[in-house]
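Chain by chain, the residues:
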Amino acid sequence: MTLNGHTIPFAGVVAFITLIAWAVRLESMAQANDERSRENVEQVQVAAKTSADIKERLIRVEEQAKSLAKDADEIKEEQKEQSKKLDEILRKLSQE
């Protein structure tokens, strides 16, 4: 094969075309890899946001649980006081 009066070996032409084909293939693979990387980043961002939302909800639930426990303790104390008052009233009635 000749180009501008120079003889180019056929194997050289094949090697050059093969290199170009590999370069195109590698570029295509790099683009696909970049796309997957972007998708992975998006998924990680969504997961991080979801995790933060769940953490916030958990904190609110814990606060509600503490509040309910406090209310339950107050109700128990009130029941004890009322029970003492009722016992006192019953004791007075039984003495009469």
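Given the structure is predicted, the values throughout are model-derived calculations rather than measurements.

(A) A look at the overall build of the chain. Of regular secondary structure, the chain possesses one helix and two strands. Scanning the chain from its N terminus toward the C terminus, one meets helices and strands in the order β-β-α. For the chain, the C-alpha radius of gyration of 41 Å lies well beyond 12 Å, the compact-globule estimate for 96 residues. Each principal axis of the C-alpha atoms in the chain carries an extent, and together these give about 135 × 15 × 10 Å.

(B) Spotlight on the environment of L68. Take L68: it is sitting in helix α1 (residues 10-95). Measuring from C-alpha to C-alpha, the distance between L68 and M29 comes to 57 Å, with 39 residues separating the pair along the chain.

(C) Focus on a negative patch on the surface. Together, D71, D73, E74, E78 and E81 give the surface a local cluster of negative charge. For E74, the position within the fold is in helix α1. Judged by relative accessible area, which is 46%, E74 ranks as partly exposed.

(D) Layout of the confidence of the model for the chain. Of all residues in the chain, 93% attain a pLDDT of 70 or more, and the chain-wide mean is 92. Taking the mean pLDDT of every element in the chain, the minimum, 64, falls on strand β1 (residues 2-3) and the maximum, 94, on α1.

(E) Just the pattern of salt bridges, in detail. Applying the stated criterion across every chain, the model contains four salt bridges. Among the ionic pairs, E35 bridges to R38, the shortest N-O distance being 3.2 Å. Linking E35 with R38, this pair stays in helix α1, spanning three residues, or about one helical turn.

(F) Fine view of the environment of L86. Checked against the element boundaries, L86 lands in helix α1. C-alpha separation for the pair L86 and I17, spaced 69 residues apart in sequence, amounts to 101 Å.

(G) Spatial organisation of a nonpolar patch on the surface. Together, F16, I17, I20 and V24 give the surface a local cluster of nonpolar side chains, amounting to about 410 Å² of exposed area. Structurally, I20 is set in helix α1.

(H) Structural view of the environment of Q64. You can see Q64 is positioned in helix α1. For the pair Q64 and D34, spaced 30 residues apart in sequence, the C-alpha to C-alpha distance is 45 Å.

Criteria and cut-off values
Residues numbered from 1 in each chain as written. Predicted model: local features only at pLDDT ≥ 70, side-chain atom pairs only at ≥ 80, totals over all residues. Heavy atoms only, no water. Helix = DSSP H or I, 4+ residues; strand = E, 2+ residues; numbered from the N terminus. Rg over C-alpha atoms; globule rule 2.2 N^0.38 Å. Patch = residues over 30% accessible without salt bridge, like charges linked within 9 Å, V, L, I, M, F, W, Y side chains within 5 Å. Areas by Shrake-Rupley, 256 points an atom, 1.4 Å probe, with all protein chains shown as cover. Salt bridge = Lys/Arg side-chain N within 4 Å of Asp/Glu carboxyl O. Lys, Arg positive; Asp, Glu negative; His and termini not counted. Charge placed at Lys NZ, Arg CZ, Asp CG, Glu CD. Buried < 20%, exposed > 50% of the residue type's maximum accessible area, 1.4 Å probe, protein only. pLDDT = per-residue confidence, 0-100.

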